[in-house]
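Residues per chain, in single letters:
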Amino acid sequence: MKVRFDHRFEEIISLDNLLTAWQEFLSGKRQRYDVQIFATSLIDNIFSLHHDLLSHKYQHSGYEAFNISDPKPRRIHKAAVRDRVVHHLLYKVLYDHFDQRFIFDSYSCRKNKGAHKALNRFKYFAGKVSQNHTKTCYVLKGDIKKFFASIDQSVLLNILKRQITDTEILWLIERVLASFNAGQLGVGLPLGNLTSQLFSNIYLNELDRYVKQELRIKYYIRYADDFVILADSKNELEAITPLIKDFLNFNLKLELHPQKLFIKTYASGVDFLGWVHFPYHRQIRTTTKRRIFRQMALWPRPETVNSYRGLLGHGDTYKVRKQLGLTPP
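Here's what I pulled together on the structure shown here. As a convention, each chain's residues are numbered from 1 in the sequence order in which they are written. Given that this is a predicted model, residues contribute local features only at a pLDDT of at least 70 and side-chain atom pairs are listed and counted only at 80 or more, while totals for whole chains, interfaces and linings are drawn from all residues. With hydrogens and water stripped out, all remaining heavy atoms of the structure feed into the side-chain values.

A short note on the sheet that holds strand 4 (residues 220-223)
A pair of strands counts as paired when DSSP detects no fewer than two bridges linking them. Starting at the N terminus, helices and strands are each numbered in turn, a helix being any DSSP run of H or I of at least four residues and a strand any DSSP run of E of at least two. Taken in spatial order, the four strands of this open sheet run 4-5-3-6, and their pairing is antiparallel. Taken across any chain shown, the strands that pair with only one partner, and hence form the sheet edges, are strand 4 and strand 6 (262-265). Across this sheet, the average inter-strand angle for adjacent strands is 20 degrees, counted without regard to direction. Direction of pairing for strand 4 relative to strand 5 (residues 226-231): antiparallel, over a ladder of four bridges. Helix axes are fitted only over the stretch in contact, all axes being lines through C-alpha atoms; the angle between N-to-C directions runs from 0 to 180 degrees.

A few points about the environment of K145
If you trace the backbone, K145 turns up in the loop between strand 3 (138-143) and helix 7 (147-150). Remark: the alpha-carbon pair of K145 and L256, spanning 111 residues in sequence, is separated by 5.4 Å.

Some points on the side chain of D166
By secondary structure assignment, the location of D166 is in the loop between helix 8 (153-161) and helix 9 (167-178). For the buried D166, which has no salt bridge, the nearest side chain bearing the opposite charge is R8, at an N-O separation of 7.1 Å. Identification of polar contacts relies on pairs of N or O atoms within 3.5 Å, with a donor-acceptor requirement for protein atoms, meaning one able to donate a hydrogen and the other able to accept it, and with residues adjacent in sequence counted only if both atoms are side-chain atoms. Of the polar contacts made by the side chain of D166, one reaches the backbone nitrogen of E168; its length is 2.8 Å. The residues contacting D166, other than those within four sequence positions of it, are H7, R8 and F9. Accessible area is worked out with a 1.4 Å probe on protein chains only. A residue is then buried under 20% of its type maximum, exposed over 50%, and partly exposed in between. Charged residues are defined narrowly, with Lys and Arg counted positive, Asp and Glu counted negative, and His plus the chain ends left uncounted. Criterion for a salt bridge: a side-chain nitrogen of Lys or Arg within 4 Å of a carboxyl oxygen of Asp or Glu. Note on contacts: a residue pair qualifies if any of its non-hydrogen atoms lie within 4.5 Å across the two residues.

Examining the layout of surface pockets
A 1.4 Å probe that fits into a set of points on a 1 Å grid over the protein atoms alone but cannot get out defines a cavity; an open set with protein on both sides within 12 Å along at least five of seven lines defines a pocket, and lining residues are those with an atom within 4 Å of a point. Grid points are joined across faces, edges and corners, and a volume is the space filled by probe spheres set on the points. Volume-wise, the second largest pocket comes out at about 190 Å³. Surrounding the second largest pocket, H7, E11, I12, N17, T20, A21, E24, H88, L89, K92, V93 and D96 form its lining. Among the elements that make up the lining of the second largest pocket, the one with the highest residue count is helix 5 (residues 81-98) (five residues). For this classification, Asp, Glu, Lys and Arg are treated as charged, while Ala, Val, Leu, Ile, Met, Phe, Trp, Tyr, Cys and Pro are nonpolar and the rest, including Gly, are polar. Class assignment of the residues belonging to the lining of the second largest pocket gives a composition of four nonpolar, four polar and four charged.

Considering the packing of aromatic side chains
In this description, a pair of aromatic rings is defined by centroid distance and the angle of the planes. Classification of ring pairs rests on two measures: the distance between centres of Phe, Tyr or Trp rings, Trp counted by its six-membered ring, which must be within 6.5 Å, and the angle between planes, read as stacked under 30 degrees, edge-to-face over 60 and tilted in between. Using the criterion set out here, one finds 13 aromatic pairs in the structure. With centroids separated by 5.9 Å and ring planes inclined at 45 degrees, the aromatic side chains of W22 and F25 adopt a geometry described as tilted. Linking W22 with F25, this pair stays in helix 2 (residues 15-26), spanning three residues, or about one helical turn. Taken as a pair, W22 and F25 share a single burial class, namely buried. An aromatic cluster of three or more residues is present, and its members are W22, F25 and F38. To sit over a ring, a charge needs its Lys NZ or Arg CZ within 6 Å of the ring centre and within 35 degrees of the ring normal. One cation-aromatic arrangement involves K113 over F104; the distance from NZ or CZ to the ring centre is 3.5 Å. Over the ring of F262 we find K264, and its NZ or CZ is 6.0 Å from the ring centre.

Structure (structure tokens):
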């Protein structure tokens, strides 16, 4: 059954919804200076934002950019507090609608999904294809080149327009999209916007539906811009690879990363989401292991230690945990 998007602009930008968006945004950020400044005149700021949205005078301001290593270098763009309240406002109403349209095996930035469930799903699929490791399972692994920096905003808007007919909601989405470009006007989404996580999933849902509905692929998993397809025939995977390339290029203006595209057997080890997967065990990727050792040598905070303990619990890492002192005495 088709899910209707029946929200109205005036309803979305109501004062009550703006205050709710503020509270959701505020979680974990109360001590930050820019948040405290906004909060000192909260009611005035919320009324001003509501007025600008209602009168269509709202303009998204610029970004503060900084670099992180996660583990590879990334350029993060941080919006002003006022704009991030708008992101939360849009995210909530758009997520509730579009998440119902996503395929089951899309795992990034979704409630009740995540990397751990994607890893377990990979193991389950590999067991099915290999018939409990009695037959050869082939895996096509793909990664989209410079994904966030390559998203075409006009293509994204056209995808959204198939679901959203309210011109005022589309106007607000356009304001958010137009606030950023990756060096070419109308191209790119900023890493750091809450809405970017959702927009990227909406964008690649087009690929998901093509793979599942047009190519009729049963064993397909996507996490962000990484995807795997499992099959018992290497020829089948070789045949669909150019079809996926063409779809991405012509429909979404994206490219597969040539250095990160491969077909391997499950038995030889498949690198997916930071782990190398084998029929009877899962090893943490060497680069990830080295990063953890570097971070643990710097006297990390307790929450960082707990995070690594949780991460390492998803595979066969007893020796690594013992070296790091993360095993019970």
